[in-house]
Amino acid sequence: MRFRFTDEQLELRDAVRDLLANECPASVVRAAWEGDMSGPDKVWAGLCDMGVVGLMATEAHGGLGLSDLDLTLILTEVGRAAAPGPLVETAVVAVPLLEKIGGSVAETWVPRVAQGESRVAVGLPGESLVLDASGADLLLLWHGDALHAVDPAEVSITVETSVDRSRRGGRVAWEPGPQPLAVGEEGRRLLDAALERAALGTAAMLLGLGRHLLDVTVTYATDRHQFGVPIGSQQAIKHKLADVAVALAFAEPLVHRAAYSLARGPALVDESARETTAVHVSMAKAAAGDAAELAARHALQCHGAIGYSFEHDLHLWMKRVWALAAAYGDARMHRERIARAIL
Amino acid sequence: MNILVCVKQIPDPAGPQELNNDNTLKREGKLILDESDSYGVEIALQLRDTAGEGEVTLISMSPGEPSGLRTALAMGADKAIHVVDDTLHGADALSTAKVLAAAVQRAGDYTLVIAATESTDGYTGTVPAQLAEILGLPSVTFAKSIRVEGGKVHVDRQTEAGYDVVEADVPAVVTVTAGVVEPRYPSFKGIMAAKKKPLETLAVSDLGLDLSSWGQNIVSVEDAPSRAAGEKIEDDGEAYLKIVEFLEEQKVI
C-alpha cells in the first residue's frame, strides 16, 4: 500500500496555493478585519470556480465526488494564507451533510453552494456562534438530535465579534420547526460526522497557519541582525523555532491519518471503527492546535516588539490560530476524549 | 477556429536560478508555464469559445516533464506538441524558431499562432518574429486585443502613445502583451481532465530537421553593476535649485 498523497492531490494543492498567493495576500485578510469583504468574496468565488467548495459534492450536483483526504492538503493551504471565510463549515461539513440528507434539499442547495450562488451556515452544538450566519441563504441547525433547515429570514441573528475580527459569528435566536431533516439515530449520526469533519478540517487549517507563522519567523530571524549576527543564530531563538518545526512535523501525519480514517466511509457506520476514527480526529485536532499555538507564541516572542503592533501582519495569523484552536473542541477536550476511549 | 499557442516551460523564477558551465540556465527540477504565456493561452481560449468551435493546440520546446504544458491544458487547451531533445541544449533564438515552425507545420490547419512578447527566462523577444518569417506569415506584435473576422485578424497593437489598429490576413503570428487579460486559474476538473488530453512528444529528427549546432553561444555572464552611491547635498536654502537642475539634465522637466 502506498501511503502518500497522489500526484493529483498534490496538483490540486498547488493550484489552490497559486490562487491564494495571488488573490489572498495579507492585505485581503487585514481588509476583512476592517469589514471590507470584497477581497474575501473574490477569494471565495475563486475557490468555488476552482471546485474547492464542491469538492465533496457528487458529480450529479456539479461536484467532484472526492473525499476528506483530498481536501486535507487544500485546507492546509487555505490556513497558510489565513483566507477568511467558512470553508470548513461549508465544503467539509455542510456539503457532505446535505448530500447525506439527499432528496430535494440536496438537489436544491448543493449545486448552488458549490458554485457560490448561495451560502450555507452550520450551527453545531457546543459552538455558541454560527459562523457567517448573517449573509447565509440557509442555516443548518441542530436541536438535540434533530437537524433543521432554517430560513435566515425567519430568525433573529446578532453578529458578534471574534478575537479574530475576520471571522463573523452570529448568535441565532430560533425555534425548531415541525419538520426536521433528520431526527433520532440518523440525526445523531449526521451530527457525529459533522463534528468529526469540522474538527479535522480545522486541524488541517491550523497546520497551515502554524507553518506560515514558522516560515515568516524564520525569515525574520534570518534578516534581523543584533550584535552583528542574525538573531536566528542565537540558541534562544533557534531552539524555539526548532521546537515549532518538530511540533508541526509531528502533528501533520496525525491530521493525514485522521483524514484517511474519515475518508474510508465505514468508519461512520461501524461502531468500533467509528470510535477509532474519533480517536484519530481528536489526536489530530489536539496536536495541530497545540503546534499552531506554540508557533503563534514563539513567533510573537521572536519578532519582539514589532510582533505586538497592530500594523504588523503577525497578529492576523496568531488570532486566527487562537480562534481555531478553541473551535470544535480545544486540545484539552480532545485529549479527554482520547483518554475515555483508550483507558 | 484552430489556434496554436507557443508556450515555454521555465524554471520557477521565484526560486534560485543557476547556470551550467556553458552559461546556459539550469533547467532541472519542475518546470512551470511561463507566466507571460498564460495571457496568450487565455486569449486563445476566449477566441475559441467565442467562435464556438475549433481547438487550441500548445506548441513547446523544452527539456524535462511537460508540467508547464499540463497547467495550460488544465486551463482548457485541447492538446499539445512538445519537442524534447537533448541535442537542443543551448539552442539560440533562431534555432528555437526553426523547431517551433516545424512543429507548427505538423499541427494541421490553423487560423492564428499566438505567442508571448518575450519569455521570462531568455528575454530575447525575437522568436515570434523569426517564426513568422520562417512560416511566411504576417507578424503582428504587442497585441492587447485580438478579433478574427472576414478572413482577417484585427489587432489593437499597444504603442507608447496608445494603440494602433492593425489588420492582417490569416493565418498570422500574433504576440500578446503581458497583463492584457486575466488568465483563468485551472479548475480541479480541468486539472483532472488535462491528464487525458493528447500530448505528442517529438524529437528533432521527427520534425525532419538537422539542428546540431548554431552560430550563437553565450560567451560570459556578468552580474549587473551594483548601484553607485548617490550624491549628498547640504541644504543651504538653495538645494532645491540643484534638484531642478538635475531633473532638467535628465529631461524629466
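This is a predicted model, so every value here is computed, not measured.

A. Highlighting the environment of Val 244 of chain A. Residue and element names in this part refer to chain A. Note on placement: Val 244 falls in helix 8 (residues 235-263). Val 244 gets classed as buried once you look at its relative accessible area, which sits at 1%. With sequence-adjacent residues up to four places away left out, Val 244 is seen in contact with Leu 214, Leu 294, Ala 295 and His 298.

B. Just the interface of chain A and chain B, in detail. Each partner contributes residues to the interface: chain A has 21 residues there, and chain B has 10 residues. Both faces combined, the contact of chain A with chain B buries some 1200 Å², and carbon together with sulfur accounts for 64% of it. Ranking the residues of chain A by area buried against chain B places Glu 8, Met 50 and Leu 64 of chain A at the top, with a combined share of 39%. Seen at the junction of chain A and chain B, the total is three salt bridges. Note that Lys 30 of chain B and Asp 14 of chain A form a salt bridge whose closest N and O atoms lie 3.7 Å from each other. Viewed at the interface, chain B and chain A are joined by five residue pairs in polar contact (both at pLDDT 80 or more).

C. Structural view of the pairing of strand 5 (residues 156-161) of chain A. All names here are of chain A. Bridge count between strand 5 and strand 6 (residues 168-173): six bridges; the pairing is antiparallel. In the sheet register, Val 159 faces strand 6, and the bridge partner there is Gly 170. From the end of strand 5 to the start of strand 6, which pair antiparallel, there are six residues.

D. Geometry of the environment of Asp 49 of chain A. With respect to the element layout, Asp 49 of chain A can be found in helix 3 (residues 38-50). Linking Asp 49 of chain A and Glu 196 of chain A, residues 147 residues apart in sequence, is a C-alpha distance of 27 Å.

E. Representation of the nonpolar core within the structure. By size, the foremost hydrophobic cluster in this structure holds 134 residues, and its most contacted members are Leu 58, Ile 146 and Phe 188 of chain B. The element that contributes the greatest number of residues to this core is helix 7 (residues 184-223) of chain A, accounting for 15 residues. Ignoring any residue separated from it by four or fewer positions in sequence, one finds Leu 58 of chain B in contact with Val 5, Val 7, Val 41, Leu 69, Ala 72, Leu 73, Ala 77, Lys 79, Ala 80 and Ile 81 of chain B. With 29 residues, the next largest nonpolar core counts Ile 59, Ala 97, Leu 207 and Leu 211 of chain B among its residues.

Parameters and conventions
Residues numbered from 1 in each chain as written. Chains lettered and ligands numbered in written order. Predicted model: local features only at pLDDT ≥ 70, side-chain atom pairs only at ≥ 80, totals over all residues. Heavy atoms only, no water. Helix = DSSP H or I, 4+ residues; strand = E, 2+ residues; numbered from the N terminus. Buried < 20%, exposed > 50% of the residue type's maximum accessible area, 1.4 Å probe, protein only. Contact = heavy atoms within 4.5 Å. Buried area = accessible area lost by both parts, 1.4 Å probe. Salt bridge = Lys/Arg side-chain N within 4 Å of Asp/Glu carboxyl O. Polar contact = N/O pair within 3.5 Å; in protein donor to acceptor, adjacent residues only side chain to side chain. Pairing = 2+ DSSP bridges. Core = buried A, V, L, I, M, F, W, Y, C linked by side-chain atoms within 4.5 Å.

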